[in-house]
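Structural overview
Single-letter residue listing:
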Amino acid sequence: MIQLDGIAKTYHSQSGPVPALRGVTLSVKEGEIFGIIGKSGAGKSTLIRCINMLERPSGGTVMVDGQNITELNETDLRKARKKIGMIFQHFNLLSSRTVFQNVAFPLELAGYDKAHIRPIVTRLLALVGLAEKHDQYPSQLSGGQKQRVGIARALANQPKVLLCDEATSALDPQTTKSILELLKTINKELKLTIVLITHEMHVIKEICDQVAVMENGIIIEQGAILDIFTKPQAPTTREFIATIMNHDLPERFRHAVYSAHASDNSNVIIRLSFIGVTAEEPVIAGLIRRFDIDASILYGNIDHIKDTSFGTLILELSGRQAAMNNALNYLKSQDLGIEVIGYVPGHTGTTV
Ligand SMILES: Nc1ncnc2c1ncn2[C@@H]1O[C@H](COP(=O)(O)OP(=O)(O)OP(=O)(O)O)[C@@H](O)[C@H]1O
Ligand SMILES: [Mg+2]
């Protein structure tokens, strides 16, 4: 549905050129919710604004629904933009217009008459749960309600794509959840493709199918969200994931771990990652039954993305060298991720 190829954007400020995007290539499939996460200044807003040409890229091409919109003239671009709705962090509502009139605005611009506009707006306000508010002004609404108006307005022209620039960043956690639920609903019911940018990993986890991580104007990592959450590669990705789930060895164990064998009776610290059914299988019980070793759980968590459970366990294994090697080989043969974090001297009492 959306294909970006080698998108570059350099701003020219008084202090010189600012390269905000340095070659971004990505593709978003029809019906997908695609998240782009990055720290402040990474280039997220610039990138999402390039998708509807609010910002003209300095290089590269943008295809939306099979059309190369980088080469359109103003008239054709205005037409193409109807396929692309957008919502903003600060809602950007017109304060002198009522809720109804805000949602009607893009339809008025498109030249439709009142009789055509009224049922469309009424239906959209019902869809976003604001049927009762149509005569109120933005100043009379809560943040969540304002964003619902923003969403209804973005849907007025029946777009195929919805772009969301930090759409929940100004909202409290509860309201954020309800707006994300609404986005999920319209994604399903209207088969709308959604691209959202955020600096919050929980937003990505809540609703995205795919995620791309941006840093310094490029994408440093991207993939299906279960893959990114369970096997993050780049340090920045790991940092983002750590904000919602601990992937690292808890602080109190860190100082005690060596990267190489300290001695033959070292205990080994491993991290197991589970996805899907293995998360519920008794891996540790099996391990201890099969091999003459002990396993202590130092840290564990299980989480869910969509309907898939996944988790991390950090274990300290102790026992004779040969038995531990066999145990590690057994774990490696199982359908789970295993990583040796390091070693601690045996009998140190670090286990819990
Ligand atoms: N109009 C502009 N003129 C000059 N530089 C700009 C302009 N807009 C953005 N930049 C610069 O481009 C870079 C990327 O900015 P952008 O707004 O895309 O980042 P962002 O990832 O959306 O950040 P945030 O999370 O803070 O919204 C930054 O270094 C920013 O200062
Ligand atoms: Mg931004």
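Numbering of residues begins from 1 in every chain and follows the order in which that chain's sequence is written. Numbering of ligands from 1 and lettering of chains from A proceed in the order in which they are written. Local features in this predicted model are restricted to residues of pLDDT 70 or higher, and side-chain atom pairs are both shown and tallied only at a pLDDT of 80 or more, whereas totals for entire chains, interfaces and linings draw on every residue. To get the side-chain values, take all heavy atoms of the structure and skip hydrogens and water.

Details of the site of ligand 1
Condition: Any residue with at least one heavy atom within 4 Å of a molecule or strand is counted as near it. Any pair of N or O atoms that falls within 3.5 Å is considered a polar contact. Within protein, one atom must be able to donate a hydrogen and the other to accept it, and sequence-neighbouring residues count only if both atoms are side-chain atoms. Working definition of accessibility: Shrake-Rupley area with a 1.4 Å probe, residue cover restricted to the visible protein chains. A run of H or I in DSSP counts as a helix once it spans at least four residues, and a run of E counts as a strand once it spans at least two, with each numbered from the N terminus. Each residue gets one of three labels, nonpolar for Ala, Val, Leu, Ile, Met, Phe, Trp, Tyr, Cys and Pro, charged for Asp, Glu, Lys and Arg, and polar for the others, Gly among them.
For ligand 1, the full set of nearby residues is Tyr11, Val18, Ala20, Lys39, Ser40, Gly41, Ala42, Gly43, Lys44, Ser45 and Thr46. Between an oxygen atom of ligand 1 and a main-chain N or O atom of Gly43, the distance comes to 3.0 Å. Across the complex, the protein chains shield 59% of the 640 Å² of accessible surface that ligand 1 would expose by itself. Elements that contribute at least two residues to the shell around ligand 1 include exactly strand 2 (16–28) and helix 1 (44–51). In terms of residue count, the dominant contributor to the shell around ligand 1 is helix 1 (three residues). For the shell around ligand 1, the residue count by class is four nonpolar, five polar and two charged.

Description of the domain arrangement of the chain
Operational definition: How far each domain reaches was decided by an automatic or database domain assignment. Residues are treated as being in contact if the distance between any of their heavy atoms lies within 4.5 Å. Buried area is calculated as the accessible area (1.4 Å probe) missing from two parts once they are joined, with the contributions of both summed. Note on definitions: salt bridges are taken to be side-chain nitrogens of Lys or Arg within 4 Å of carboxyl oxygens of Asp or Glu.
In terms of domains, the chain is made up of domain 1 (2–242) and domain 2 (251–344). The C-alpha-based centres of domain 1 and domain 2 are spaced at 41 Å. Contact residues are listed per partner, giving eight residues for domain 1 and eight residues for domain 2. Ranking the residues of domain 1 by area buried against domain 2 places Lys205, Leu226 and Thr230 at the top, with a combined share of 63%. Inspection of the domain 1/domain 2 interface yields one salt bridge. One salt bridge connects Asp303 with Lys205, and the closest N-O pair in it is separated by 3.2 Å. The tally of links between domain 1 and domain 2 comes to one residue pair in polar contact (both at pLDDT 80 or more).

Description of the pattern of salt bridges
Note the following rule: Summary of the burial criterion: residues with accessible area below 20% of their type's maximum are buried, those above 50% are exposed, and those between are partly exposed, where the area comes from a 1.4 Å probe applied to protein chains only.
With the rule as written, the count across this model stands at 11 salt bridges. In this structure, Glu55 and Arg49 form a salt bridge, with 3.4 Å as the shortest nitrogen-oxygen distance. Residue classification places Glu55 among the buried positions, given a relative accessible area of 16%. A salt bridge links Lys177 to Glu206; the shortest N-O distance between them is 3.6 Å. With Lys177 in helix 6 (residues 173–189) and Glu206 in helix 7 (residues 201–207), this pair connects stretches of sequence that are 29 residues apart.

Some details on the packing of aromatic side chains
Applied cut-off: Note on aromatic pairs: the rings of Phe, Tyr and Trp (six-membered ring only in Trp) are paired at centre separations within 6.5 Å, and the planes decide the class, stacked below 30 degrees, edge-to-face beyond 60, tilted for the rest.
For the structure on display, the rule yields one aromatic pair. Residues Phe291 and Tyr330 carry aromatic rings whose centres are separated by 5.5 Å and whose planes lie at 55° to one another, so their mutual orientation is tilted. Here Tyr330 lies in helix 12 (residues 321–333) and Phe291 lies in the loop between helix 11 (283–290) and strand 12 (293–305), a separation of 39 residues in the sequence. There is no split in this pair, since Phe291 and Tyr330 are both buried.

With respect to the sheet that holds strand 12
The cut-off we apply is this: DSSP calls a pair of strands paired once it identifies at least 2 bridges connecting them. A fitted line through C-alpha atoms serves as each axis, taken over the contacting stretch for helices, and the angle formed by two N-to-C directions is quoted from 0 to 180°.
Pairing is antiparallel across the open sheet formed by four strands, whose spatial order is 12-13-11-14. Each of the sheet's edge strands pairs with one partner strand only, and the pair in question is strand 12 and strand 14 (337–344). Averaged over all pairs of adjacent strands, the angle between strand axes in this sheet comes to 15°, irrespective of strand direction. Pairing between strand 12 and strand 13 (residues 308–319): 12 bridges, direction antiparallel. Bridged to Gly300 within strand 13 is Leu313. The sheet contacts of helix 11 involve strand 11 (267–275), strand 12 and strand 13, and relative to strand 12 the element is tilted by about 160°.

A word on the packing of helix 3 (residues 99–109) against helix 4 (residues 114–127)
Counted only if it meets this: Under this scheme an angle from 65 to 115 degrees is roughly perpendicular, one under 35 degrees roughly parallel, and one over 145 degrees roughly antiparallel; angles in between are oblique. In a left-handed crossing the near helix is turned counterclockwise from the far helix by less than a right angle, and in a right-handed crossing that turn is clockwise.
Between helix 3 and helix 4, whose axes approach to 10 Å, the crossing angle comes to 125°. Regarding the angle of helix 3 to helix 4, the classification is oblique. Judged by the sense of rotation from one axis to the other, the crossing of helix 3 with helix 4 is right-handed. Facing Val99, Phe100, Val103, Ala104, Leu107 and Glu108 of helix 3, the residues of helix 4 in contact are Ile117, Arg118, Ile120, Val121, Thr122, Leu124 and Leu125. Class assignment for the residues of the contact of helix 3 with helix 4 results in 10 nonpolar, one polar and two charged.

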